[in-house]
Amino acid sequence: EGLTSGVSAGVFGGERTMTRQELAKVFADYAVMQGVAVPEADLSAYTDVDQVASWALPYVESLVGQGIISGYNNLLRPNDSVTRGEVAKMLFCLL
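Rules of the game
- Every chain is numbered independently, its residues counted from 1 as its sequence is written.
- Given that this is a predicted model, residues contribute local features only at a pLDDT of at least 70 and side-chain atom pairs are listed and counted only at 80 or more, while totals for whole chains, interfaces and linings are drawn from all residues.
- The basis for every side-chain value is the complete set of heavy atoms in the structure, and neither hydrogens nor water enter the calculation.
- Whenever Lys or Arg places a side-chain nitrogen within 4 Å of a carboxyl oxygen from Asp or Glu, that contact is recorded as a salt bridge.
- A run of H or I in DSSP becomes a helix once it reaches four residues, and a run of E becomes a strand once it reaches two; helices and strands are each numbered from the N terminus.
- Each residue's exposure class comes from its accessible area (1.4 Å probe, protein chains only) as a fraction of the maximum for that residue type: buried when under 20%, exposed when over 50%, partly exposed otherwise.
- Whether two residues are in contact is decided by their heavy atoms: any pair within 4.5 Å suffices.
- Helix span is expected to be 1.5 Å times the residue number reduced by one.
- For every residue, the pLDDT score states the predictor's confidence, bounded by 0 at the bottom and 100 at the top.
- Among the buried residues, those of types Ala, Val, Leu, Ile, Met, Phe, Trp, Tyr and Cys that are joined through side-chain atoms within 4.5 Å form a nonpolar core.

Chemist: Can you help me understand the pattern of salt bridges in this one?
Modeler: Should the charged atoms of two oppositely charged side chains come close, the side chains can pair. Under the defined criterion, the tally for this structure stands at 4 salt bridges. Across the pair Asp 29 and Lys 25 runs a salt bridge whose closest N-O atoms are separated by 2.5 Å. With Asp 29 and Lys 25 both in helix H1 (residues 20-33), this residue pair falls 4 residues apart, about one helical turn. Among the ionic pairs, Arg 77 bridges to Glu 86, the shortest N-O distance being 3.4 Å. Taking relative accessible area as the criterion, Glu 86 reaches 8% and is therefore assigned buried. Counted as one network, the salt bridges with shared partners bring together Arg 20, Arg 77, Asp 80 and Glu 86.

Chemist: How should I be thinking about the environment of Phe 27 in this particular structure?
Modeler: Its location among the elements puts Phe 27 in helix H1. Considering only alpha carbons, one finds Phe 27 and Leu 94, 67 residues apart in sequence, at a separation of 7.8 Å. Dropping the residues within four chain positions of it, Phe 27 is found in contact with Leu 63, Val 87, Met 90, Leu 91 and Leu 94.

Chemist: Any chance you could explain H1 here in plain terms?
Modeler: Because an α-helix packs 3.6 residues into every turn, residues spaced three or four apart end up facing the same way. If you check H1, its first and last C-alpha atoms are 20 Å apart, about what 14 residues at 1.5 Å a residue would give, namely 20 Å. The buried fraction of H1 amounts to 10 of the 14 residues, a majority that puts the element mostly inside the structure. Buried residues of H1: Arg 20, Gln 21, Glu 22, Leu 23, Ala 24, Val 26, Phe 27, Ala 28, Asp 29 and Ala 31, and no others. Against the buried residues of H1 lie helix H2 (57-65) and helix H3 (84-94). Directly beyond the C-terminal end of H1, a positive phi value near 80° is found at Gly 35.

Chemist: Which parts of the structure should I look at to understand the confidence of the model for the chain?
Modeler: Low pLDDT means the predicted atomic positions in that stretch should not be read closely. Summarising the model, the chain shows a mean pLDDT of 84, and 83% of its residues fall at 70 or more. Across the chain, the secondary-structure element scoring lowest on mean pLDDT is H1, at 87, and the one scoring highest is H2, at 91.

Chemist: Please explain the nonpolar core as it appears in this structure.
Modeler: In globular proteins that are soluble, nonpolar side chains generally tend to be buried together. Grouped together as the largest cluster of nonpolar side chains are 20 residues, with contacts concentrated most on Val 60 and Val 64. Mapped by element, the contributors of at least two residues to this core are H1, H2 and H3. Not counting the four nearest positions on each side in its chain, Val 60 is found in contact with Gln 21, Ala 24, Leu 43, Val 52, Ile 69 and Leu 76.

Have a look at this one:
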């Protein structure tokens, strides 16, 4: 309970695909609920860090700091749709 809140007031948005930064929020919140320490990470090596939404930045930092996400060729690709393979890798690392 409490892992997702939808895309806006009164709109869940379950029919749309999630972005990588949206899933970062869900998994970072799950980690906190499980009592996992939430480290911050230096994202300056990623050339698209400016594309991470301000609301998502602490969650992306947390998952990078935990080694759950690592990006591709110095890119975080925060606005790309998350793939099943990426979800599986994140779940494996988180659990």
